[in-house]
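Survey of secondary and tertiary structure
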Amino acid sequence: MLTVLIRKSDVHMLMSSQAMDGTEYYLIFLADRLGLGTFLCAIVTLVLLILWVQSSGKNLPPGPRPWPFIGNTILFQKDPDGYLKYTNLASKYGNIYKLHCGFTIIVMINGYDAIHEAFTKQDDVFSDRPQLFAPLIGVSKGTGITYNSGLRWKTLRRFTLQALRDFGVGKLTLEERIGEEIEVIFEVFSKSLVEEGIRVKPYLLSATTNIICSVMFGARFDYKDTRFTELTSVLEEIFRLNAPIAKENFFPVTRWFPSGRELIRRRTAAIERVKAYLAEAIREHEETFDHSSIRDFIDLYIKAKRDNSNPEIFTESNMYKVMVDLFLAGGETTGTSLDWALLYMVCYPNIQATCQREIDQVVGSSRHVGLSDRGKLDYVEATLLEIQRISNTLTFSLPHICNKDTKLYGYDIPKDAIVIANLYSAHIDPKYWPEPEKFRPERFIDENGKLFRKDGFIPFGDGPRICIGEPLAKMELFLFFTNLIQRFSFTSVGPRTQISTRGIQALTLTPLPYKLMAVRRS
Ligand code: HEM
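Conventions used here
Residues numbered from 1 in each chain as written. Predicted model: local features only at pLDDT ≥ 70, side-chain atom pairs only at ≥ 80, totals over all residues. Helix = DSSP H or I, 4+ residues; strand = E, 2+ residues; numbered from the N terminus. Buried ≥ 20, exposed ≤ 12 C-beta atoms within 10 Å, placed from the backbone. Contact = placed C-beta atoms within 7 Å. Pairing = 2+ DSSP bridges. Axes fitted to C-alpha atoms, helices over the stretch in contact; angles between N-to-C directions. UniProt positions renumbered as here; feature names shortened; annotations may be inferred. Core = buried A, V, L, I, M, F, W, Y, C linked by C-beta atoms within 7 Å. Expected span 1.5 Å × (residues − 1). Arc of directions from axis to C-beta. Near = placed C-beta within 6 Å. Nonpolar A, V, L, I, M, F, W, Y, C, P; charged D, E, K, R; others polar. Parallel < 35°, antiparallel > 145°, perpendicular 65-115°, else oblique. Left-handed = near helix turned anticlockwise from the far one by under 90°.

In terms of regular secondary structure, the protein is built from 16 helices and 12 strands. Here the protein holds 522 residues, and the buried ones make up 40% of them. Of the contacts formed within the protein by residues at least 6 apart in sequence, a portion of 72% connects residues at least 24 apart.

Here is the structure:
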């Protein structure tokens, strides 16, 4: 410890900052006359000092050199090729590398083995979520599933998993609910003028969001219903403003900048609109609740609340947040995955034809494909897995946080470092996927022609934070995909060579907007 005695009248300003290990550093500005240059030098010195103390005596992962104060923030700017940029850094620094964002260390984990080591083998250390500023604007901290940790997260996660498994419970089974949406898409295709082509993504997004509505409210909406269009547009706004690596998360001062204030204003307003919307549905359910006839997710939650087994967890604010979590995580991801699936069929007509042949042989054309056909359509299922592997709707996991100092592959990972898995890197890992850039469903077929599940395949994440919607998403992908290609063949509007399978990085990785022709099969 260094002690310096200074006259109080000489102190002009006192700045303090806290490093990740909790140590507080004080910077004392001694005189008015020192000027801006000295002020900036002092800030740079403080930052370098903190970075030096953070890394001294530790074997932190390597990474690009951080700039004073801003660290590697420049790398985090919006970039449609962002996932390639982060993957290229792994070629340079290795599968585990670090970036700095202000005083926060972000550890990027690449390749299946390293991701599995952290998220599954060391799950007790790497399964919590950071309390980031932007994704929590307008909601209470420590609510819901996605940005929650500890007992509340575990209880709500278990409850929701069970609830998703239970549907079933209401008037219609989940399969029937999905069937209703497929019928709507059939109608859209049937009415569209084949030669002009159709952009399917908006319909797919409406369909997948509507399925969440069915699970939540026990009711679906017409796609043009203004209550539904209002809900989807406000959810889209919240989804866009979630921003796990927004500067406002790491540089509190930027929350006062016009852009920060605008983020807060828009996100708060959007959350308020969703809450008002959900409040109406919850009120109606409370009034008509019948213990012996559980209709949907809201009813199940009301039941858990009234049973009073866990009053501090089954609260109103958790109810809103879990519902928002499911809407945000479940609509866009599944809709985008389906958009990728149809795009790949347009680009690979031979594979589409092989899938159709299998469906024709196993199911025929006189009835729809159902869940009971799963397990009999190996090539179709392999195609769906390969679409997920190669398209990577979610290129990264959500942010995790390291809850104590630990070691990963010999590197020191400090407590409170944010940890993100590069899922895309796992799916191009040549150890698991020879010629990973090639679209080849046969990878998932064994020598007996049977489907087999391979290690290294983690589109839904890995470990205790694995997506809770995985079974629902897989059911939707299977039913939509099989029923659509059973009825229609999908081709490009112009020359096929002009269609690209390159993804654009936003929160999900999405195809460039494209139109397809849906030709009815006889
Ligand atoms: C093809 C569609 C989907 C994909 C690719 C996908 C993928 C993922 C991934 C990669 C994560 C993050 C895992 C991590 O942070 O380590 C996640 C989390 C999550 N997903 Fe999904 N998901 C999909 C559909 C769904 C659906 C349909 C729902 C709900 C109905 C859902 C609900 C959630 C929730 C609540 C979380 C947070 C889990 C937690 O923090 O414990 N997802 N998903």
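The structure having been displayed, the exposition proceeds.
For Lys141, the location among the structural elements is in the loop between helix H4 (123–126) and helix H5 (150–166). Accessibility expressed as a C-beta count within 10 Å gives 8 for Lys141, which makes it exposed. Separated by 10 residues in the primary sequence, Lys141 and Gln131 place their C-alpha atoms 7.5 Å from one another. Excluding residues within four positions of it along the chain, Lys141 makes contact with Gln131 and Leu136.

Once that is clear, we can look at the sheet that holds strand S3 (residues 96–101). Spatial ordering of the open sheet is given by S3-S4-S8-S5, a layout of 4 strands whose pairing is mixed. Here the strands that pair on one side only, and so sit at the sheet edges, are S3 and strand S5 (400–401). Pairing geometry for strand S4 (residues 104–110) and strand S8 (residues 418–422), over 5 bridges, is parallel. Considered in S8, the bridge of Ile106 is made with Ile418. Against the sheet, helix H3 (residues 112–121) touches S3, S4 and S8, its axis set at about 125° to S4.

Let's shift gears to the UniProt feature "binding site: heme" (unreviewed entry) in the protein. In the UniProt entry, the feature "binding site: heme" (unreviewed entry) is given for Cys467. Looking at the element boundaries, Cys467 is found in the loop between helix H15 (423–427) and helix H16 (470–487). For Cys467, a count of 18 C-beta atoms within 10 Å translates into the label partly exposed. Those residues within four positions of Cys467 in sequence are excluded, and the remaining contacts are Phe460 and Gly461.

Here we come to the nonpolar core. In terms of nonpolar packing, the biggest core is built from 125 residues, with Val107, Ile109, Ile115, Ala341, Leu342 and Val419 touching the most fellow members. It is helix H12 (residues 316–347) that contributes the most residues to this core, 17 residues altogether. Contact partners of Val419, with chain neighbours within four places excluded, come to Val107, Ile109, Ala118, Phe126, His400, Ile401 and Cys402.

With that settled, the discussion passes to helix H6 (residues 174–191). In this model H6 runs 26 Å from its N-terminal to its C-terminal C-alpha over 18 residues, within 8% of the 26 Å that 1.5 Å per residue would give. Taken as a whole, H6 has its buried residues at Leu174, Arg177, Ile178, Glu181, Ile185 and Phe189. Buried residues along H6 cover an arc of 125° about the axis, so they all sit on one side. Exposed residues lying more than 90 degrees from the buried face of H6 are Glu176, Glu183, Glu187, Ser190 and Lys191.

Let's shift gears to the site of the ligand. Taken together, the neighbourhood of the ligand is formed by 24 residues, with Ala329, Gly330, Gly461, Cys467 and Gly469 sitting nearest. Sorting elements by how many residues they give to the shell around the ligand places H12 first, with 7 residues. When the residues that make up the shell around the ligand are grouped by side-chain class, the tally is 12 nonpolar, 9 polar and 3 charged.

Glycine aside, the phi torsion of most residues is negative, and most peptide linkages are trans. Residues other than glycine seldom take positive phi values, yet Phe69 does so here, at roughly 70°. Assignment of secondary structure puts Phe69 in the loop between helix H1 (35–55) and helix H2 (82–93). According to the C-beta neighbour criterion, Phe69 is partly exposed, with 18 such atoms within 10 Å. For Tyr409, which is not glycine, the phi dihedral falls at a positive 50°. Relative to the assigned elements, Tyr409 resides in the loop between strand S6 (406–408) and strand S7 (411–413). With 14 C-beta atoms counted inside 10 Å, the residue Tyr409 sits in the partly exposed group.

If you want to describe how two helices pack, look at the angle between their axes and the distance between the axes. In contact at an axis separation of 10 Å, H12 and helix H14 (residues 378–391) are set at 105° when each is read in the N-to-C sense. Taken together, the axis directions place H12 and H14 in an arrangement best described as roughly perpendicular. Contacts between H12 and H14 involve Ser337, Trp340, Ala341 and Tyr344 from the first element and Leu384, Ile387, Gln388 and Ser391 from the second.

Turning next to the environment of Ile70. Within the secondary structure layout, Ile70 lies in the loop between H1 and H2. Owing to 16 C-beta atoms within 10 Å, Ile70 belongs among the partly exposed residues under this scheme.

We now examine helix H13 (residues 349–362). For H13, built from 14 residues, the straight-helix expectation of 20 Å at 1.5 Å per residue is met to within 8% by its first-to-last C-alpha distance of 20 Å. Buried within H13 are the following residues: Ile351, Cys355 and Ile359. Along the axis of H13, the buried positions cluster into a sector of 75°, meaning they face one direction only. Relative to its buried face, H13 has exposed residues pointing more than 90 degrees away, namely Asn350, Arg357, Asp360 and Gln361. A positive phi of about 80° marks Gly364, the residue just after H13.

Turning our eyes to something else, we now look at the packing of helix H10 (residues 258–288) against H12. Two numbers describe how H10 lies on H12: the axes approach to 11 Å, and their chain directions differ by 110°. On the basis of the axis angle, H10 is roughly perpendicular to H12. Relative to H12, the crossing made by H10 is right-handed. Here Val274, Lys275, Leu278 and Ile282 of H10 come into contact with H12, specifically with Met319, Tyr320, Met323 and Val324. Looking at the contact of H10 with H12 residue by residue, the classes come out as 7 nonpolar, no polar and 1 charged.

The buried fraction of S3 amounts to 6 of the 6 residues, a majority that puts the element mostly inside the structure. The alternating pattern of S3 places Ile96, Lys98 and His100 on one face and Tyr97, Leu99 and Cys101 on the opposite face, and all of these are buried. Strand direction decides the pairing type here: S3 and S4, joined by 6 bridges, are antiparallel. Bridge pairing in S4 places Ile96 opposite Ile109.

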